[in-house]
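Spelled out, the chains give:
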Amino acid sequence: MIDLHCHILPFVDDGAASWEIAEQMCQVALDDGITHIVATPHANSEFEYSRADLSKHLMELQTRVKGKMKFSLGCDFHLSYENIQTLWANPGRFLIEGTPYLLIEFSDYGLPPNFEHLLFGMTTELKLHPIITHPERNPILQRHPQTVLPWIEAGCLIQVTASALTGSWGRAAKEAAVWLLRSRHVHLLATDAHDPKHRPPILSRARDIAARIIGDEAAWNLVETTPSMILDGRIVQSVA
Ligand SMILES: [Fe+2]
């Protein structure tokens, strides 16, 4: 399986707190059947995102795990005004490397104003393929999960957190995740892991729950087929 969203790099955000913890996370992921992790550090007002430094960090981790895990670099892109300005100046800086895909996270408190307008610019001017992360954890989207439909129509992919399906984020998040799955509006499951224990890089449990809702093949697509296409830079149709 491929984990497209993981805070595995130490010292760069609120993810892994040391190299040892990053290595433990790799082991947890390997034991779960994950073979490729996209390291996605936060880019927000709290954590600066320097692509060159992060690339060096990722090489260090690669060396430490002795090639047992494949890695790519991406970004957990927060929709702040400053980030959007930087994105327009240098879009490649935040993408999953070698692809046109950008992981976008909303604030936990609301939705960005004029998101449709922004989305239009991202897809038509910058030619990006946005991936909306964890809509099931946003309180507004929990109440109105159908809000994502026009975003999907506009080309967005939807990534749900594996641990939301297993119940770690509470009932509202789980119900929203199940609603999105059942209505076939989920393109990816990812761990959004931050440590080996409390927010671990485990996909298999959520994949099995998804399989009971949408079937084995569709569940497998969420953790392997679709992320693999994304890493190859191929176009994933947001609308089936
Ligand atoms: Fe994240």
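Keep in mind it's a predicted model, so treat the numbers as computed, not measured. (Residues numbered from 1 in each chain as written. Predicted model: local features only at pLDDT ≥ 70, side-chain atom pairs only at ≥ 80, totals over all residues. Heavy atoms only, no water.)

**Q** Outline the sheet that holds strand 1 (residues 2–6), listing residues and values.
**A** Spatially, three strands are ordered 1-2-4 in an open sheet, and the strand pairing comes out parallel. Bordering the open sheet on either side are strand 1 and strand 4 (70–73), each of which pairs with just one other strand. On average, adjacent strands in this sheet sit at an angle of 20° to one another, irrespective of strand direction. Of the strand pairs in this sheet, strand 1 and strand 2 (residues 36–39) are connected by three bridges, and their pairing is parallel. Bridge pairing in strand 2 links Cys6 to Ala39. On the sheet, helix 2 (residues 51–64) packs against strand 2 and strand 4 and is oriented at approximately 175° with respect to strand 4. (Pairing = 2+ DSSP bridges. Helix = DSSP H or I, 4+ residues; strand = E, 2+ residues; numbered from the N terminus. Axes fitted to C-alpha atoms, helices over the stretch in contact; angles between N-to-C directions. Contact = heavy atoms within 4.5 Å.)

**Q** Tell me about the sheet that holds strand 3 (residues 42–43), and please be specific about residues and values.
**A** One open sheet holds the six strands; their spatial order is 3-5-6-7-8-9, and the pairing between them is parallel. Looking at which strands have only one partner, the edges of the open sheet turn out to be strand 3 and strand 9 (188–190). Both strand 5 (residues 76–78) and strand 6 (residues 101–105) contribute to a ladder of three bridges, which runs parallel. Bridge assignment links Asp76 to a residue of strand 6, and that residue is Leu103. Packing of helix 10 (residues 216–231) onto the sheet brings it into contact with strand 6, strand 7 (129–133), strand 8 (157–161) and strand 9, and relative to strand 9 it is tilted by some 100°.

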